[in-house]
Amino acid sequence: QVQLVESGGGLVQPGGSLRLSCAASGIRFSVYGMGWYRQAPGQQRELVATITSGGITNYADSVKGRFTISRDNAKNTVWVQMNSLEPEDTAVYYCNARFANLDYWGQGTQVTVSS
């Protein structure tokens, strides 16, 4: 059974930082491209950042220079370090694992940026 379990969300003040984690099980993690997506109320889910099996990263323009995605294949875990958070970053953040025609999602973790 495939599981992607996110953690690390919460309430943070503008300018603060959070680090989200996604622990994967039930997949051959090292071959999967991993990603973080987010969905704000009333909006569609959007890309935050992705990292390929080879470690190549890609970021949404809105988070470039503030967020950093990383992975550890030995730990079956992907992270996103989020710095200089803004109220506009408030959303449910989802972990994604993708390989060929296989596509898996976590349950999401809430990030709220507010003073």
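Criteria and thresholds
Residues numbered from 1 in each chain as written. Predicted model: local features only at pLDDT ≥ 70, side-chain atom pairs only at ≥ 80, totals over all residues. Heavy atoms only, no water. Helix = DSSP H or I, 4+ residues; strand = E, 2+ residues; numbered from the N terminus. Pairing = 2+ DSSP bridges. Axes fitted to C-alpha atoms, helices over the stretch in contact; angles between N-to-C directions. Salt bridge = Lys/Arg side-chain N within 4 Å of Asp/Glu carboxyl O. Buried < 20%, exposed > 50% of the residue type's maximum accessible area, 1.4 Å probe, protein only. Contact = heavy atoms within 4.5 Å. Disulfide = S-S within 2.5 Å.

Draft legend 1. Layout of unusual backbone geometry. Positive phi outside glycine occurs at Asn 76, with the angle close to 55 degrees. Residue position: Asn 76 is located in the loop between β7 (67–72) and β8 (77–82).

Draft legend 2. The sheet that holds β8, seen in detail. Taken together, four strands build an open sheet; the order of strands is β1-β3-β8-β7 and the sheet is antiparallel. Of all the strands in the sheet, the pair left with one neighbour each is β1 (3–7) and β7. Direction aside, neighbouring strands of the sheet carry axes that sit 15 degrees apart on average.

Draft legend 3. Region of interest: the pattern of salt bridges. Following the criterion strictly, the structure yields six salt bridges and no others. Between Glu 46 and Arg 38 there is a salt bridge, with its nearest N and O atoms 2.7 Å apart. According to the relative accessible area criterion, Glu 46 is partly exposed, its value standing at 34%. Overall, Arg 38 belongs to the buried group, its relative accessible area being 6%.

Draft legend 4. Focus on the environment of Val 5. Checked against the element boundaries, Val 5 lands in strand β1. The sequence separation of Val 5 and Ala 24 amounts to 19 residues, and the corresponding C-alpha distance is 6.5 Å. Beyond its immediate sequence surroundings of up to four residues, Val 5 is in contact with Ser 21, Cys 22, Ala 23 and Gln 107.

Draft legend 5. A look at the state of the cysteines. With the rule as written, the count across this model stands at one disulfide. Between the sulfur atoms of Cys 22 and its disulfide mate Cys 95 the distance is 2.1 Å. Disulfide Cys 22-Cys 95: torsion about the S-S bond near -80 degrees, hence left-handed. Of this pair, Cys 22 sits in strand β3 (residues 18–25) while Cys 95 sits in strand β9 (residues 91–99), and the two are 73 residues apart along the sequence.

Draft legend 6. Expanded view of the pairing of β9. Sheet analysis places strand β4 (residues 33–39) next to β9, joined by seven bridges and oriented antiparallel. Residue pairing in the sheet places Gly 35 in a bridge with Asn 96 of β9. Here β9 runs beside strand β11 (residues 109–113); their pairing, made up of three bridges, is antiparallel. Counted as the bridge partner of Val 92 is Gln 110 from β11. Examined bridge by bridge, β9 and strand β10 (residues 102–105) share four bridges and lie antiparallel to one another.

Everything listed here is a matter of geometry and, on its own, says nothing about what the molecule does.
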